[in-house]
Amino acid sequence: MEIEKNPKAIYKMIMSGIIMVTCIVLIATKVVSSGAGALLGSVAVVLFGCIDLKTALSKINLEVVMLLGGLFAVSEGFNASGAGELCVNAIFNVFGEDVNRFLIYAIIVFVAMALTNVIDNIAAQALIGPIA
C-alpha cells in the first residue's frame, strides 16, 4: 500500500489518532468541556502537521457557523423567556403528570425528526435541547 511506503503519512495517522484519543479522554473525564476539547484537538492537528492551516480553514462551513451562532442565541432566549417551560407544561397538560418517560422521549425524538426536515440537524438540536 502507498501509506506503508510513506513515513510522513504514517506519522500523520498516528498523531491524529493520539490527538483524537486524548481529546475523547479529556472530554469524557470532564477535564475540559466538549467545545474546548474540540478546539484543542483542531489546534493540535494543525500544530503537529496532520493538516495544514489553509486546508483546515477551507473546510469550515461559515453558513453553519453563522446558523449555529444565531440558533444558540434563539435557544437561550427560548429558555430565558419561559417558552421551553411552556412547551413542557403543554405536554404534561395533554398527557398528564404521570406520563411514561418513553412517551416523552418519543415526542422529543419525533419533534426533532420533524425539525430536521426543514433545518440543519445541529440547529434542531439547539432548539430541542432546552425543552429536553
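Above this note sits the structure.
About the thresholds
Residues numbered from 1 in each chain as written. Predicted model: local features only at pLDDT ≥ 70, side-chain atom pairs only at ≥ 80, totals over all residues. Heavy atoms only, no water. Helix = DSSP H or I, 4+ residues; strand = E, 2+ residues; numbered from the N terminus. Rg over C-alpha atoms; globule rule 2.2 N^0.38 Å. Buried < 20%, exposed > 50% of the residue type's maximum accessible area, 1.4 Å probe, protein only. Contact = heavy atoms within 4.5 Å. Areas by Shrake-Rupley, 256 points an atom, 1.4 Å probe, with all protein chains shown as cover. Lys, Arg positive; Asp, Glu negative; His and termini not counted. Charge placed at Lys NZ, Arg CZ, Asp CG, Glu CD. Patch = residues over 30% accessible without salt bridge, like charges linked within 9 Å, V, L, I, M, F, W, Y side chains within 5 Å. Salt bridge = Lys/Arg side-chain N within 4 Å of Asp/Glu carboxyl O. Expected span 1.5 Å × (residues − 1). Arc of directions from axis to C-beta.

## Side note on the overall build of the protein chain
Moving on, step 1. What the protein chain contains, in helices and strands, is 8 helices and 0 strands.
Moving on, step 2. When the helices and strands of the protein chain are listed from N to C terminus, the series reads α-α-α-α-α-α-α-α.
Moving on, step 3. Computed over its C-alpha atoms, the radius of gyration of the protein chain comes to 21 Å, more than 25% above the 14 Å expected for a compact globule of 132 residues.
Moving on, step 4. Along the first, second and third principal axes, the C-alpha set of the protein chain runs to 65 × 30 × 30 Å.
Moving on, step 5. A total of 132 residues make up the protein chain; the buried ones form 15% of that total.
Moving on, step 6. Partitioning the intrachain contacts of the protein chain with sequence separation of at least 6 by distance along the chain shows that 48% fall at a separation of at least 24.
Moving on, step 7. For the protein chain, the accessible surface area stands at approximately 9800 Å², while carbon and sulfur atoms represent 69% of it.
Moving on, step 8. Taking the 7 positively charged and 9 negatively charged side chains of the protein chain as two groups, their mean positions are separated by 17 Å.

## Focus: a nonpolar patch on the surface
Moving on, step 1. Together, Tyr11, Leu39, Val43, Leu47 and Phe48 make up an exposed nonpolar region whose accessible area comes to about 520 Å².
Moving on, step 2. Element by element, the count of residues in the nonpolar patch is highest for helix α3 (residues 34–47), at 3 residues.
Moving on, step 3. On the secondary structure map, Leu39 appears in helix α3.
Moving on, step 4. Relative accessible area serves as the criterion here: at 56%, Leu39 is assigned to the exposed category.

## Structural notes on α3
An α-helix turns once per 3.6 residues; consequently, residues spaced three or four apart project the same way.
Moving on, step 1. Here α3 spans 20 Å end to end across 14 residues, near enough to the 20 Å set by a 1.5 Å rise per residue.
Moving on, step 2. Buried positions along α3 lie against α2 (7–28).
Moving on, step 3. Once α3 ends, the next one or two residues include Gly49, with phi positive near 80 degrees.

## Structural notes on helix α5 (residues 62–81)
Moving on, step 1. With 20 residues, α5 should reach 28 Å at 1.5 Å per residue; the first-to-last C-alpha distance of 28 Å fits that figure.
Moving on, step 2. Those residues of α5 not exposed but buried are Leu68, Leu71 and Ser75. Along α5, the residues classed as buried sweep out an arc of 75 degrees about the axis, all on the same side. Turned more than 90 degrees away from the buried face of α5 sit Leu62, Met66, Ala73, Glu76, Ala80 and Ser81, all of them exposed.
Moving on, step 3. Positive backbone phi, approximately 95 degrees, marks Gly82, located one or two places after α5.

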